[in-house]
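Understanding the architecture of this molecule
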Amino acid sequence: MAVNTTPEAPLPVGEVSRLIGGWIDRLGAVWVEGQITQLSRRPGAGVVFLTLRDPSYDISVSVTCYRQVFDAVADVVSEGARVVVLAKPEWYAPRGQLSLRAAEIRPVGVGELLARLEQLKKALAREGLFAPEHKKPLPFLPQLIGLVCGRASAAERDVLENARHRWPAVRFEVRNVAVQGVHAVPQVVQAVKELDALDDVDVIIVARGGGSVEDLLPFSDEQLIRTVAQCRTPVVSAIGHEPDNPLLDHVADLRASTPTDAAKKVVPDVGEEYERVRLLRDRARRCVAALVDREERGLAHALARPSIQDPHRMIDARADQVADLLDRARRCLRHQLDRADSELSHTHARVVALSPAATLKRGYAVLQRADGHAVRDPGEVTSGEALRARVSEGEFSVRVDT
C-alpha cells in the first residue's frame, strides 16, 4: 500500500527500510534461474555467498545459502555454471540491501538447456527473425570487415590470416570481447551495435572457436539474436565447429562452419579472381576472334560474287536487250503516228468536203434573215423582205420579189 508523506512529514530512512522489508517478505519463495558469477566458500563458515547474474540484461543479485544446501551440488556447480535456485527474497535493513536466501540449488543440465534453446528457437522463428527473405546479401569485395571475437584468440588469428592471405588489401575493424561467461552477451551486443553504426563497415563477422554447449550459450541469447536481426550490415556467424549450431547461425545472413570458413566465404581469393579474369579475358578474346573470322569469311564470300567482281557485267548483258526494245518502241510509235496521220488526213478531207464552205464554192448560196436564221422554206419570207445572201467569196443584200 502507498504511504502518505509530505515534505513536512517525511519518513525516516529506518521506517522506509522497514516497510520495504515488509513488502519483500510477503513475496514468498520463487524459483530463479541465472549464472553464478562469484562464489565464496570460506572454510568453517556455515553460509555460502554467491552472485546470480542474468547475462541477457546485465543484472545481478546476491544469494546466500547454508553450507549443507550448497554441498549437495558442490561437485557439479562452480563459477560460470547456470543454476535454478529456490529462494526467498530477503531485505537487510541496516544496509538497505536485497538478497536471496536459497533453500535448494539445481544445476541446469545440457538436456534442459537444449530444450529451452529449442523453445526459444521456435518462438523467434514464429516472429520471422529467421526468415530467408530477411537475409542480406554479402558484398563481393568488402573493403572493411568488422570482426567480433575473443582477445588474442585462435578464431581471430584464423580469420585475419586467412582473409589477408586471400586478399592482402582487406582491412579489419576488430572488437575484442568476452566470448563466454557472464560478460559475453553484453559485450558482444555492444560490439555488434558499434560496428553496425560505422558506415565504412561492409560486413560483420562474429567468430568464436569450439566449446561445450554451456560455453556457446551467449551466442543463443535472445538479446543478441534480436540485435543481429536489427542490423543493417550483413552479419556472418562463425561460432564453434561444424556440429555446433547456436541460434546466431539462424538469424545471421550467412553461417560459416568455422572462423576459417568465414574468411573464405567473405573474402574472395585474389589468385582465384586473377585466374577467373584471365579465363574471362581469354574467352572474350576467342569470342571476338571468332566473330572477326566469321565476318571476314562472309566478306570474302561476298567479294567473290560475280556482281561484286564485275559490277557492269549485268548492265552490259542488258544493253543489247535495251537497244532492241528501244528500236521496237520507236518503230511501234512511228507506225502509230503514221496511221494516225493518215486517219487525220482522211478525216480532214471528209470534213472539208462536207463543210458549208465547200458547198458554197460549188456555187450555192445561203440566205439569211435579219435575225441570222437561214431561210429553208419560201414560206418563211415575205415580199419585199430584205435578206442577206452568203456565197463562197462573201455576202450581199437581196430583197424578196414575189
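Look up a bit, the structure's there.
This report concerns the structure included in the present document.

1. Let's talk about the overall build of the chain
In terms of regular secondary structure, the chain is built from 12 helices and 13 strands. If one aligns the C-alpha atoms of the chain with their principal axes, the spans along those axes are about 190 × 75 × 35 Å. Taking all 402 residues of the chain together, the buried fraction comes to 31%. Looking at the chain as shown, the accessible area adds up to about 25600 Å², and 55% of this sits on carbon and sulfur atoms.

2. Focus on the sheet that holds strand β13 (residues 394-399)
Taken in spatial order, the three strands line up as β11-β12-β13 in an open sheet, and their pairing is antiparallel. Across the chains shown, the open sheet's two edge strands, defined by having one partner strand only, are β11 (366-368) and β13. Sheet twist, expressed as the average angle between the axes of neighbouring strands with direction ignored, equals 30°. In terms of strand pairing, strand β12 (residues 386-391) meets β13 through six bridges, oriented antiparallel. Across the sheet, the residue bridging to Val-391 is Gly-394, located in β13.

3. Topic: the sheet that holds strand β9 (residues 235-239)
Strands sit in the order β7-β6-β8-β9-β10 across an open sheet of five strands; the sheet is parallel. Looking along the sheet, the strands with just one partner apiece sit at the ends: β7 (171-176) and β10 (254-255). With two bridges connecting them, β9 and β10 associate as parallel partners. By the bridge assignment, Ser-237 is partnered in β10 with Arg-255. Lying over the sheet, helix α4 (residues 154-166) contacts β6 (144-149), β7 and β8 (203-208), oriented at roughly 175° with respect to β7.

4. Overview of the nonpolar core
Of all hydrophobic cores here, the largest spans 28 residues; its most connected members are Val-148, Val-188, Val-206, Phe-219, Ile-225 and Leu-248. Counting residues per element, this core draws most heavily on helix α5 (residues 184-197), at six residues. Of all hydrophobic cores here, the second largest spans 19 residues; its members include Val-203, Ala-207, Val-236 and Ala-263.

5. Regarding a nonpolar patch on the surface
Where nonpolar side chains cluster on the molecular surface, the patch consists of Val-3, Leu-11, Val-16 and Trp-23 and spans about 300 Å² of accessible area. Residue class for Trp-23 comes out partly exposed when judged on its relative accessible area of 39%.

6. Brief notes about the packing of aromatic side chains
Evaluated as defined, the whole model comprises zero aromatic pairs. Looking at Arg-101, its charged tip hangs above the ring of Tyr-66, at a distance of 5.1 Å from the centre.

7. Quick notes on the side chain of Glu-385
Relative to the helices and strands, Glu-385 resides in the loop between β11 and β12. Classification of Glu-385 by relative accessible area gives buried; the value is 16%.

8. Digging into the pattern of salt bridges
Here the structure, examined in full by the defined rule, presents 22 salt bridges. Across the salt bridge formed by Asp-199 and Arg-232, the nearest N and O atoms sit 3.1 Å from each other. Of this pair, Asp-199 sits in the loop between α5 and β8 while Arg-232 sits in the loop between α6 (222-229) and β9, and the two are 33 residues apart along the sequence. Among the ionic pairs, Glu-222 bridges to Arg-226, the shortest N-O distance being 3.0 Å. Of the two residues, Glu-222 and Arg-226 both sit in helix α6, four residues apart, roughly one turn of that helix.

9. As for α4
Taking 1.5 Å of rise per residue, the 13 residues of α4 would be expected to cover 18 Å, and the 18 Å separating its terminal C-alpha atoms lies within 8% of that figure. Listed as buried for α4 are Ala-155, Glu-156, Val-159, Leu-160, Ala-163 and Arg-166. Summarising the axial view, the buried residues of α4 lie within an arc of 145°, below the 170-degree limit, and thus occupy one face. Structural note: α4 exposes Glu-161 and His-165 on the side pointing more than 90 degrees away from its buried face. Contact partners of the buried residues in α4: β6, β7, β8, α8 (259-266) and α9 (270-303).

10. Side note on α6
When α6 is considered as a whole, its buried residues turn out to be Leu-224, Ile-225, Thr-227 and Val-228. Projected onto a plane normal to the axis of α6, the buried residues spread over an arc of 165° and lie on a single side. At the N-terminal end of α6, a side-chain oxygen is found 2.9 Å from the backbone nitrogen of Gln-223, two or three residues along, and the residue is Asp-221.

11. Points about the packing of α4 against α8
Relative to each other, α4 and α8 sit at 30°, their axes nearing to 8 Å. As far as their axial angle goes, α8 and α4 are roughly parallel. Considering how the two elements wind past one another, α4 and α8 form a crossing that is right-handed. In contact with Ala-155, Asp-158, Val-159, Asn-162, Ala-163 and Arg-166 of α4, α8 contributes Pro-259, Thr-260, Ala-263 and Lys-264. Grouping the constituent residues of the contact of α4 with α8 by class yields five nonpolar, two polar and three charged.

12. Describing a positive patch on the surface
Judged by side-chain charge, Arg-328, Arg-330, Arg-331 and Arg-334 come together as a positively charged surface patch. Mapped onto the secondary structure, Arg-328 falls in helix α11 (residues 313-354). You can call Arg-328 exposed: its relative accessible area is 53%.

13. Quick look at the side chain of Ser-220
Mapped onto the elements of the fold, Ser-220 is located in the loop between β8 and α6. A distance of 3.1 Å separates a polar atom in the side chain of Ser-220 from the backbone nitrogen of Leu-247. Here Ser-220 is in contact with Leu-117, Leu-120, Ile-225, Pro-246 and Leu-247, once residues within four sequence places are set aside.

About the thresholds
Residues numbered from 1 in each chain as written. Predicted model: local features only at pLDDT ≥ 70, side-chain atom pairs only at ≥ 80, totals over all residues. Heavy atoms only, no water. Helix = DSSP H or I, 4+ residues; strand = E, 2+ residues; numbered from the N terminus. Buried < 20%, exposed > 50% of the residue type's maximum accessible area, 1.4 Å probe, protein only. Areas by Shrake-Rupley, 256 points an atom, 1.4 Å probe, with all protein chains shown as cover. Pairing = 2+ DSSP bridges. Axes fitted to C-alpha atoms, helices over the stretch in contact; angles between N-to-C directions. Contact = heavy atoms within 4.5 Å. Core = buried A, V, L, I, M, F, W, Y, C linked by side-chain atoms within 4.5 Å. Patch = residues over 30% accessible without salt bridge, like charges linked within 9 Å, V, L, I, M, F, W, Y side chains within 5 Å. Salt bridge = Lys/Arg side-chain N within 4 Å of Asp/Glu carboxyl O. Phe/Tyr/Trp six-rings, centres within 6.5 Å; stacked < 30°, edge-to-face > 60°. Lys NZ or Arg CZ within 6 Å of the ring centre and 35° of its normal. Expected span 1.5 Å × (residues − 1). Arc of directions from axis to C-beta. Polar contact = N/O pair within 3.5 Å; in protein donor to acceptor, adjacent residues only side chain to side chain. Parallel < 35°, antiparallel > 145°, perpendicular 65-115°, else oblique. Left-handed = near helix turned anticlockwise from the far one by under 90°. Nonpolar A, V, L, I, M, F, W, Y, C, P; charged D, E, K, R; others polar. Lys, Arg positive; Asp, Glu negative; His and termini not counted. Charge placed at Lys NZ, Arg CZ, Asp CG, Glu CD.

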